[in-house]
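# Secondary and tertiary structure notes
One letter stands for each residue in the lines below.
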Amino acid sequence: MSDLKQTESEKSEEAIIAVRHLSKKFGSHEVLKDIDFDVRRGDVTTVIGASGSGKSTLLRCINLLETPTSGQVLYHGRDVCGRKVDVPGYRSHVGMVFQSFNLFLNKNVLDNCMVGQMRVLKRPKEQAFQEAVKYLGKVGMLPYIKAKPRQLSGGQKQRVAIARALAMNPEVLLFDEPTSALDPEMVGEVLDVMSDLAKEGMTMIVVTHEMAFAKQVSTQVVYMNDGVICEQGSPEQIFEHPESEKTKEFLARFLR
Amino acid sequence: MGQFAKLGSDMVSLWSKYGGTYMGGIYRTLVLATIGTVIGCLIGFVCGIVQTIPVYKNDSPVKKVILKVVQIILRIYVEVFRGTPMILQAVFIYYGLPYFSNNTIQFDGKWLVSIIVVSINTGAYMTESMRGGIISVDTGQTEGAMAIGMTHFQTMTSVVLPQAIRNIMPQIGNNFIINVKDTSVMFIIGFTDFFAVHKSVVGATFTYFPSAAIEMIGYLTMTLLASWLLRLLEKKMDGKSDYELVAVDQLTLPAGVYHVDSQKAEKDLNPDERAALLKEREKAAEGGKEVR
């Protein structure tokens, strides 16, 4: 990692992840325009906004599942978008939970949580098992360690996906609309797990449509509209005293 | 009915005389088809995997160029061997190589040439099957693997290939069955498979139809057996369709157990506590207040 540029170090010293002037174009369509924000240790940042406003793309750019067109993603002050960056190594520190779970269908619940530890972190099997059991217990999925993903409900799958991400002991956990694909009665169990993680001080960036969750759990709320950050601040600021007209409009639609 | 009885007795007399010859043909056909399919699958796996290596923006230009060249060569290989008859490929290799090299390169072994031709032919088909199998594994799982830091190689070996190979099992079966039948074209270089036995037998006995009937039954037996074995293998790969719940001893958990359901905790209360809770609720209901 010695080739990484040391940029704007004084500005983002304490930030684990800092996004600077990030833009993303798909062809001529500009999905993200000049995005800037910081995530510090213990922050729970929720990104809200209408569908198509670029929330998910932003999250995928942070994890480099999409390559940003321009701008930087700084991880502890180091740009991870350049050449000669150990991308898999970076990703192993930044976990991600997807809307569609993305569990490995050929592996059972336990193996889903162990394979990354053993192959990426090179942990011995015994330790990988301990960690997997620890986090599967935490999300209440321990009785199901022998089940295959196809045999689980949506909420159960998502809890396994969270355990899989946690077992890698990431510094930051990204959630890409984790409850959007779930039946209403399963949303609660996943949000409860996430709230617990937030209470324990896990650093999280959550793209969500669950306004109540954003209001109660987050320390920082980012409202995106049309590829730009329209407004950002504490939950009180955004939900109680929004300044931008667009934010007010959006919240009025959501919090009827 | 008389004809059938006659056919039956002709077949029996033919078999009693030439049974060993027929069995030798079956043996050679099965060995050639099996080896050809196995090597062909290996070729197909490797080529299919190479064909699906992604190119990232950040990759070095050298890697990009090499990969592109290799992929083009493989594409040509697939198109040429899929697009020409196996019988001609056999002729090309068996007679063509000595022709071009002034007899310095020669294949003496009909076995060797047959195996090479069947293998590379099957390989060309399997390359495309493998590519399809890899593409058919949804990209979400690949992203899930990449998001926990797996490299392309790790993603392929741990997640994608086991599923891709399972998905193309019917294709492998198809190819094996096609090979059992199509190895008969190797008579062109003098390889005596099951069908070549038929020709030599009827050359001596002129019993065309009874011998053809024996051939039909022989081929069908081989292919049915192969189908059955492959189904068994598929079933084994799928694993059990049910699973056991693992009993949890909560004390052994380092992080404690997370309760999804608050109702569950209520069930654990002892009778006194539960009665107290119910009373409280009743009171609250009377007062018009809501208590959960």
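Calculation criteria
Residues numbered from 1 in each chain as written. Chains lettered and ligands numbered in written order. Predicted model: local features only at pLDDT ≥ 70, side-chain atom pairs only at ≥ 80, totals over all residues. Heavy atoms only, no water. Helix = DSSP H or I, 4+ residues; strand = E, 2+ residues; numbered from the N terminus. Contact = heavy atoms within 4.5 Å. Salt bridge = Lys/Arg side-chain N within 4 Å of Asp/Glu carboxyl O. Buried < 20%, exposed > 50% of the residue type's maximum accessible area, 1.4 Å probe, protein only. Pairing = 2+ DSSP bridges. Axes fitted to C-alpha atoms, helices over the stretch in contact; angles between N-to-C directions. Buried area = accessible area lost by both parts, 1.4 Å probe. 1 Å grid on protein atoms, 1.4 Å probe; cavity = no way out; pocket = protein on both sides within 12 Å on 5 of 7 lines; lining within 4 Å. Points joined across faces, edges and corners; volume = space filled by probe spheres on them. Nonpolar A, V, L, I, M, F, W, Y, C, P; charged D, E, K, R; others polar. pLDDT = per-residue confidence, 0-100. Parallel < 35°, antiparallel > 145°, perpendicular 65-115°, else oblique. Left-handed = near helix turned anticlockwise from the far one by under 90°. Expected span 1.5 Å × (residues − 1).

What chain B contains, in helices and strands, is 11 helices and zero strands. Mapped from its N terminus to its C terminus, chain B presents α and β elements in the order α-α-α-α-α-α-α-α-α-α-α. Look at the contacts in chain B between residues 6 or more apart in sequence, and 76% of them connect residues 24 or more apart.

Time to look at the pattern of salt bridges. Going through the model one piece at a time under the given rule, you end up with 18 salt bridges over all chains. Residue Arg40 of chain A pairs with Asp38 of chain A through a salt bridge whose shortest N-O separation is 3.5 Å. Its relative accessible area of 31% is what places Arg40 of chain A among the partly exposed residues. Salt-bridge contacts for Lys6 of chain B lead to Asp10 of chain B; the nearest nitrogen and oxygen are separated by 3.4 Å. In this pair, Lys6 of chain B and Asp10 of chain B are both assigned in helix 1 (residues 2-51), four residues apart and thus about one turn of the helix distant. With relative accessibility at 54%, the residue Lys6 of chain B sits in the exposed group. In this structure Asp10 of chain B comes out as partly exposed when scored by relative accessible area, which is 25%.

A separate point is the sheet that holds strand 6 (residues 94-97) of chain A. Residue and element names in this part refer to chain A. Taken together, the six strands give an open sheet; going across it, the order is 6-7-8-3-9-10, and neighbouring strands pair in mixed fashion. Of all the strands in the sheet, the pair left with one neighbour each is strand 6 and strand 10 (228-233). When the angles between neighbouring strand axes are averaged without regard to direction, this sheet yields 20 degrees. Relative to strand 7 (residues 172-176), strand 6 is paired through four bridges, and the arrangement is parallel. What sits directly across from Val97, in strand 7, is Phe175.

The next thing to look at is the interface of chain A and chain B. Taken residue by residue, the interface counts 47 residues in chain A and 37 residues in chain B. Interface of chain A and chain B: buried area, both sides summed, is about 3,400 Å²; carbon and sulfur atoms make up 58% of it. Inspection of the region where chain A meets chain B yields one salt bridge. Taking the shortest distance from any N to any O, the salt bridge between Glu143 of chain B and Arg60 of chain A comes out at 2.6 Å.

Attention shifts here to the layout of surface pockets. When its volume is computed, the largest pocket comes out at roughly 990 Å³. Along its surface, the largest pocket is lined by 36 residues, and Arg91 of chain A together with Pro54, Tyr56, Met146 and His152 of chain B are the ones closest to its centre. At the level of secondary structure, the elements contributing two or more residues to the lining of the largest pocket comprise helix 2 (87-93) of chain A together with helix 4 (110-136), helix 5 (139-147) and helix 6 (152-167) of chain B. Taken together, the residues of the lining of the largest pocket sort by class into 17 nonpolar, nine polar and 10 charged.

Residue and element names in this part refer to chain A. In the sheet, strand 9 (residues 220-225) pairs with strand 10 via five bridges, with the strands oriented antiparallel. Bridge pairing links Tyr223 to Glu231 in strand 10. Counted along the chain from strand 9 to the antiparallel partner strand 10, the turn is two residues long, and its residue Asp226 has a positive phi close to 55 degrees.

As a further point, take the sheet that holds strand 4 (residues 70-75) of chain A. In spatial order, the strands read 2-1-4-5 (chain A); together these four strands make up an open sheet with antiparallel pairing. The outermost strands of the open sheet, each flanked by one partner alone, are strand 2 (29-40) and strand 5 (78-79) of chain A.

Let's shift gears to the confidence of the model for chain B. Residue and element names in this part refer to chain B. In the predicted model, chain B carries a mean pLDDT of 84, and the fraction of residues at 70 or more is 82%. When the criterion is pLDDT under 50, residues 254-267 qualifies, and its contacts beyond four places in sequence or with other chains add up to 21 contacts. When the criterion is pLDDT under 50, residues 287-292 qualifies, and its contacts beyond four places in sequence or with other chains add up to five contacts. Two numbers describe this predicted complex: its pTM, 0.79, and its ipTM, 0.86.

Residues and elements named next belong to chain A. As for its position among the elements, Glu249 is in helix 9 (residues 245-254). With relative accessibility at 54%, the residue Glu249 sits in the exposed group. A sequence separation of 165 residues divides Glu249 from Lys84, and the C-alpha atoms of the two residues are 44 Å apart.

Attention now moves to the packing of helix 1 of chain B against helix 8 (residues 194-205) of chain B. Residue and element names in this part refer to chain B. It is at 7 Å that the axes of helix 1 and helix 8 come closest, and there the two elements cross at 155 degrees. Between helix 1 and helix 8, the crossing angle belongs to the class labelled roughly antiparallel. The handedness of the crossing between helix 1 and helix 8 comes out as right-handed. Side by side, helix 1 and helix 8 meet where Leu14, Tyr18, Thr21, Tyr22, Gly25, Ile26, Arg28 and Thr29 of the first sit next to Phe194, Val197, Val201, Ala204 and Thr205 of the second. Here the residues of the contact of helix 1 with helix 8 sort into eight nonpolar, four polar and one charged.

Bringing helix 6 (residues 184-199) of chain A into the picture now. Residue and element names in this part refer to chain A. For helix 6, spanning 16 residues, the distance from its first C-alpha to its last is 24 Å, which sits close to the expected 22 Å at 1.5 Å a residue. Residues of helix 6 that are buried include every one of Met186, Val187, Glu189, Val190, Leu191, Val193, Met194, Ser195, Leu197 and Ala198, and no others. Gly201 lies just past helix 6 and shows a positive phi near 95 degrees.

Another aspect to go through is the environment of Thr84 of chain B. All names here are of chain B. Its location among the elements puts Thr84 in the loop between helix 2 (61-83) and helix 3 (86-100). On the accessibility criterion, Thr84 (34% relative accessible area) is partly exposed. Here the alpha-carbon distance between Thr84 and Val202, two residues 118 residues apart in the chain, equals 30 Å. Ignoring sequence-local partners within four residues, the contact set of Thr84 consists of Gln89 and Asn121.

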